[in-house]
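Structural description and commentary
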Amino acid sequence: MWVLGGNFYTADQIADFLTLFGTMDDAVVFEGHYFVAEDRHGAILGSGGWTRSRPGYAQGLGACETLFDVQTVRSVFVDPAATRRGIASAIMNRTERDALQHGVDTLHLTATLSGVALYEALGYQMEEATELSFPNQTRFGCIRMEKSLAKLRIRAA
């Protein structure tokens, strides 16, 4: 977040986000839909996954309980030294295949502003521009997006 989000957010916005939410959402691990990309030496290059659980940040969006009664991509992060090498795309492709294997037809996500271009390139479409509201009144812009996995299901068949 500090490096890749620096062109989109102030240091205070990033600090508030990391303090309140961090970069890891335990729900994706607990549900078994978490993926890690490593180099040949075992160093972690990136991670991410999806969950059926309501994200911890949903309250900061002012979201109602039913808004996140959907399958949501979460905790997709790549080491800044490993960007532009297809790691995030590979994690997302694996995440989508796993979601398909579990009967998911549509994935949703809330993208940081620094991640929007990646998700658009992967076929995610904007639902709405929104922002997280932090207790100290700091705001953190983000974009809610979704992707139908129907075309992937047809290709997999």
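Residues numbered from 1 in each chain as written. Predicted model: local features only at pLDDT ≥ 70, side-chain atom pairs only at ≥ 80, totals over all residues. Heavy atoms only, no water.

We now examine the confidence of the model for the chain. In the predicted model, the chain carries a mean pLDDT of 85, and the fraction of residues at 70 or more is 87%. No element of the chain has a lower mean pLDDT than helix α5 (residues 150-156), at 68, and none a higher one than helix α4 (residues 116-121), at 96. (pLDDT = per-residue confidence, 0-100. Helix = DSSP H or I, 4+ residues; strand = E, 2+ residues; numbered from the N terminus.)

A contiguous nonpolar surface patch, about 310 Å² in accessible area, is contributed by Trp2, Val3 and Leu4. Structurally, Val3 can be placed in the segment before α1 (11-20). On the basis of relative accessibility, which here comes to 56%, the residue Val3 falls in the exposed class. (Patch = residues over 30% accessible without salt bridge, like charges linked within 9 Å, V, L, I, M, F, W, Y side chains within 5 Å. Areas by Shrake-Rupley, 256 points an atom, 1.4 Å probe, with all protein chains shown as cover. Salt bridge = Lys/Arg side-chain N within 4 Å of Asp/Glu carboxyl O. Buried < 20%, exposed > 50% of the residue type's maximum accessible area, 1.4 Å probe, protein only.)

Within this structure, the stated rule accounts for 6 aromatic pairs. Their ring planes at 75 degrees and their centres at 6.0 Å tell us that Tyr119 and Tyr124 sit as a pair that is edge-to-face. Of the residues examined, Tyr119 reaches a relative accessible area of 8% and is grouped as buried. Accessibility expressed as a relative area gives 2% for Tyr124, which makes it buried. (Phe/Tyr/Trp six-rings, centres within 6.5 Å; stacked < 30°, edge-to-face > 60°.)

A word on the nonpolar core. Generally speaking, nonpolar side chains in soluble globular proteins are found buried as a group. One finds Met92, Leu107, Leu109, Tyr119, Tyr124 and Met145 to be the most contacted residues of the largest nonpolar core, which totals 18 residues. For this core, the elements supplying multiple residues, two or more each, are β3 (72-78), α3 (87-101), β4 (106-112), α4 and β6 (139-148). The residues touching Leu109, leaving out its near neighbours within four places in the chain, are Thr72, Val73, Met92, Tyr119, Tyr124, Ile143, Arg144 and Met145. (Core = buried A, V, L, I, M, F, W, Y, C linked by side-chain atoms within 4.5 Å. Contact = heavy atoms within 4.5 Å.)

Throughout the structure, instances matching the rule amount to 4 salt bridges. With its nearest N and O atoms 3.3 Å apart, the salt bridge here joins Arg139 to Glu131. Relative accessible area serves as the criterion here: at 39%, Arg139 is assigned to the partly exposed category. Relative accessible area serves as the criterion here: at 34%, Glu131 is assigned to the partly exposed category.

Below, the discussion takes up the sheet that holds β6. With mixed pairing, 6 strands are arranged side by side in an open sheet as β1-β2-β3-β4-β6-β5. In this open sheet, the two strands that pair with only one neighbour each are β1 (34-38) and β5 (125-133). Neighbour to neighbour, the strand axes of the sheet diverge by 25 degrees on average, direction disregarded. Bridge analysis of β1 against strand β2 (residues 44-51) gives 5 bridges, and the strand direction is antiparallel. Residue pairing for β2: Ala37 is matched across the bridge by Gly46. (Pairing = 2+ DSSP bridges. Axes fitted to C-alpha atoms, helices over the stretch in contact; angles between N-to-C directions.)

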